[in-house]
Amino acid sequence: MVQLIVGKKGKGKTKCLLDRVNTEVKNVLGSVAFLDKNTKHMYELNNKIRLIVVSDFMISNPDEFIGFVSGIISQDHDLQQMYFDSFLKIACLEDKDMTETVEKLEKISEQFKIDFVLSVSMDESELPEAVKSKVVVSL
């Protein structure tokens, strides 16, 4: 399952994402990964959550991002949930259509039984039609 937390920059998406991941980590049996553009939120995450700083890995397009996510999944068979802060930035999708990348994440989710939660810096009305049904929080 892919879920989106959407809203313009500064609306509180990251806080919502952090609250959610810290709550969920208590309930999951497997492992949880949090992908971010930097280490700014390291101390706000429960120590059971694996923080991955995507900018350290020289990802330059959405296909490389999907490959990166697939590599993480291939190395952790207990992975149950992945959270993406600043999704458009870390997936190299700023000013691009996110539909294809979200669809790929949905397929990965179904195949490997991993839930994805993405924070997206866009107003819900600006989202592509194909992904609007995945919005769980709109700020």
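Shown above is the structure to which this text applies.
A brief report on the enclosed structure follows.

### Notes on the environment of S70
Okay, step 1: With respect to the helices and strands, S70 occurs in helix α2 (residues 62–75).
Okay, step 2: By relative accessible area, S70 is classed as partly exposed at 30%.
Okay, step 3: Separated by 33 residues in sequence, S70 and K37 have C-alpha atoms that sit 18 Å apart.

### Observations regarding the pattern of salt bridges
A side chain with one charge can pair with a side chain of the opposite charge if their charged atoms come near.
Okay, step 1: In the structure shown here, the tally under the stated rule is seven salt bridges.
Okay, step 2: Two residues, K132 and E129, come together in a salt bridge whose shortest N-O distance is 3.0 Å.
Okay, step 3: Classification of E129 as exposed rests on a relative accessible area of 62%.
Okay, step 4: Residues joined in a network through salt bridges with shared partners are D63, E100 and K104.

### Comments concerning helix α4 (residues 99–112)
Okay, step 1: Given a rise of 1.5 Å per residue, 14 residues ought to cover 20 Å, and the 20 Å separating the end C-alpha atoms of α4 matches this to within 8%.
Okay, step 2: Looking at α4, one finds that the buried residues are T99, T101, V102, L105, E106, I108 and S109.
Okay, step 3: Against β1 (2–6), α2, β4 (79–84), α3 (87–90) and β5 (115–120) lie the buried residues of α4.
Okay, step 4: Two residues or fewer after α4 comes K113, characterised by a positive phi angle close to 55 degrees.

### Focus: the sheet that holds β1
Okay, step 1: Judged by pairing direction, the sheet is parallel, and its six strands sit side by side in the order β3-β2-β4-β5-β1-β6 without closing on themselves. With partners counted over all chains shown, the strands left at the sheet margins are β3 (49–53) and β6 (135–138), one partner each. Strand-to-strand twist of the sheet, defined as the mean angle between neighbouring strand axes without regard to direction, takes the value 15 degrees.
Okay, step 2: Pairing geometry for strand β2 (residues 31–36) and β3, over five bridges, is parallel. Looking at the pairing, F34 lines up with L51 of β3.
Okay, step 3: α2 rests against β2, β3, β4 and β5 of the sheet, and its axis sits at about 150 degrees to β4.

### Focus: the nonpolar core
Okay, step 1: One finds L35, M82, F84, F87 and F116 to be the most contacted residues of the largest nonpolar core, which totals 35 residues.
Okay, step 2: With six residues, α2 is the largest single contributor of residues to this core.
Okay, step 3: In this structure, M82 is in contact with A33, L35, V69, I72, I73, I114, D115, F116 and V117, ignoring residues within four places of it in sequence.
Okay, step 4: Judged by nonpolar contacts, the second largest core, of twelve residues, contains V28, F34, I49 and V117.

Here is what the cut-offs are and how they apply
- Residues numbered from 1 in each chain as written.
- Predicted model: local features only at pLDDT ≥ 70, side-chain atom pairs only at ≥ 80, totals over all residues.
- Heavy atoms only, no water.
- Helix = DSSP H or I, 4+ residues; strand = E, 2+ residues; numbered from the N terminus.
- Buried < 20%, exposed > 50% of the residue type's maximum accessible area, 1.4 Å probe, protein only.
- Salt bridge = Lys/Arg side-chain N within 4 Å of Asp/Glu carboxyl O.
- Expected span 1.5 Å × (residues − 1).
- Contact = heavy atoms within 4.5 Å.
- Pairing = 2+ DSSP bridges.
- Axes fitted to C-alpha atoms, helices over the stretch in contact; angles between N-to-C directions.
- Core = buried A, V, L, I, M, F, W, Y, C linked by side-chain atoms within 4.5 Å.

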